[in-house]
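What the coordinates show
Listed below are the residues making up each chain.
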Amino acid sequence: MKLKSHIILLGLLLLMTSCSEQKQSDAYGQFEADEVVVSAEVNGRIMEMNLEEGHAVESGFTAVRIDTATLHLQRMELKAMRKASVSRLEQLAAEKDVLHSRLETAEKDLSRIYALHQDNAATQSQLDRAEGEVNTLNRQINALATQRRTVHAEIERADARINQVEDQIERTSVNNPIRGTVLHIYKEEGELAMPGTPLYRLADLSNMTLRVYVSGSQLPEVVLGSDVNVLIDKNAEEYEELSGTVTWISPEAEFTPQMIQTKEERVTQVYAVKIRVENPEGKLKIGMPGEIMLKD
């Protein structure tokens, strides 16, 4: 009986020794990715939604098309208004030519009547009428110049509004901003979109970020740009080891987040650390747990 007790005790001691020699992970956390929410920039009904959740899309890919019928009608109306303004400008140019021709004749008449008046061959009333005709034509020409400036301003405003509408028409085609995987689609074909309406969310999952928290005593071991060993669950009993690079270290301590473990028992304050891990095979998922072991 004593021999059996000694064997059991020896087995427990060996197990405790083995556990004490097994190196524990230095920090724990979860994987995350930089997510981008793509929103509509114009009003309209969604005509095409060329996306599926879980599928990868390239940068520049036309993911969504919004109906442009209303904008095309606005552009047609503005172009018609601009055309009318141009016609008015041409009409004013013709009127200007007529007035200048009349002014040239009136000035000749004024010179002739002035000479006759000097020789007492024309009355003061005739001279006054000639001067009045010249003054009237000059005022009409000045007024015409003001009208021309007004019409030019109308054309410039029409051009600006046409450019604005054309810019909105271009924005009805929503091009994917980055290469990434579609995580969630918020709208479907046929639904209405407004400026700022989220259409879909995606993230580049080829590189993931493991956010872990280390205590103040561990902080000197964490160096920006250094490599660390990243562990993920391979199965219920084994880990798979990956390589990661420290890309960011929080400059300020914060209270220990819930559900986060550290090397020691939970401490009052910790520092957040981001580690970039390549994910070419797509093994890493958002929210997946991970651990790190600092390299000696």
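Scroll up for the structure.
Procedures and definitions
- Residues numbered from 1 in each chain as written.
- Predicted model: local features only at pLDDT ≥ 70, side-chain atom pairs only at ≥ 80, totals over all residues.
- Heavy atoms only, no water.
- Helix = DSSP H or I, 4+ residues; strand = E, 2+ residues; numbered from the N terminus.
- Contact = heavy atoms within 4.5 Å.
- Areas by Shrake-Rupley, 256 points an atom, 1.4 Å probe, with all protein chains shown as cover.
- Expected span 1.5 Å × (residues − 1).
- Buried < 20%, exposed > 50% of the residue type's maximum accessible area, 1.4 Å probe, protein only.
- Phe/Tyr/Trp six-rings, centres within 6.5 Å; stacked < 30°, edge-to-face > 60°.
- Lys NZ or Arg CZ within 6 Å of the ring centre and 35° of its normal.
- Salt bridge = Lys/Arg side-chain N within 4 Å of Asp/Glu carboxyl O.
- Pairing = 2+ DSSP bridges.
- Patch = residues over 30% accessible without salt bridge, like charges linked within 9 Å, V, L, I, M, F, W, Y side chains within 5 Å.
- Lys, Arg positive; Asp, Glu negative; His and termini not counted.
- Charge placed at Lys NZ, Arg CZ, Asp CG, Glu CD.

What follows is about the overall build of the protein chain. Summing up its helical and strand segments, the protein chain has three helices and 15 strands in all. Counting only contacts in the protein chain whose residues sit at least 6 apart along the sequence, the fraction spanning at least 24 positions is 74%. For the protein chain, the computed accessible surface area is about 19000 Å², with 51% contributed by carbon and sulfur atoms.

So, on to helix α3 (residues 124-171). With 48 residues, α3 extends 70 Å between its outermost C-alpha atoms, agreeing within 8% with the 70 Å of an ideal straight helix rising 1.5 Å per residue. Buried residues of α3: L127, A130, V134, L137, I141, L144, V151, I155, A158, I162, V165 and I169, and no others. Those residues of α3 that are buried lie in contact with α2 (69-118) and β6 (173-175).

A separate point is the side chain of T181. Relative to the assigned elements, T181 resides in strand β7 (residues 180-185). Overall, the relative accessible area of 17% leaves T181 in the buried class. Not counting residues within four places of it along the chain, the set of residues in contact with T181 comprises G54, H55, A56, R201, L202, A203 and L205.

The end-to-end C-alpha distance of α2, which contains 50 residues, comes to 73 Å, matching closely the 74 Å that a straight helix rising 1.5 Å per residue would cover. Every buried residue of α2 is accounted for by L71, L78, S85, L89, L92, L99, L103, A106, L110 and I113. In this structure, the buried residues of α2 make contact with α3.

With that out of the way, let us pick up the packing of aromatic side chains. A ring pair, where both rings are aromatic, is described by two values, the distance of the centres and the angle of the planes. A complete count under the given rule lists zero aromatic pairs for this structure. Stacked on the ring of W248, the Lys or Arg K274 has its end atom at 5.2 Å from the ring centre.

Here we come to the pattern of salt bridges. Under the defined criterion, the tally for this structure stands at 14 salt bridges. In this structure, R82 and D159 form a salt bridge, with 2.4 Å as the shortest nitrogen-oxygen distance. With R82 in helix α2 and D159 in helix α3, the pair connects residues that are 77 residues apart, well separated along the chain. For R82, a relative accessible area of 29% puts it in the partly exposed group. Judged by relative accessible area, D159 falls into the partly exposed class, the value being 27%. Put simply, R88 and E95 hold a salt bridge, and the shortest N to O gap is 3.9 Å. Linked through salt bridges whose partners overlap, the residues forming this network are E41, D167 and R171.

Here we take up the sheet that holds strand β8 (residues 192-193). If you trace the four strands from one edge of the open sheet to the other, you get β6-β5-β3-β8, paired in antiparallel fashion. In the strand order of this sheet, the two ends are held by β6 and β8, each with one partner.

With respect to the helices and strands, T123 occurs in the loop between α2 and α3. Measuring from C-alpha to C-alpha, the distance between T123 and I113 comes to 8.6 Å, with 10 residues separating the pair along the chain.

A grouping of E53, E188, E189 and E191 is seen on the molecular surface, where their side chains present a negatively charged patch. By the element assignment, E191 lies in the loop between β7 and β8. Residue E191 is classed as partly exposed on the basis of its relative accessible area, which comes to 32%.

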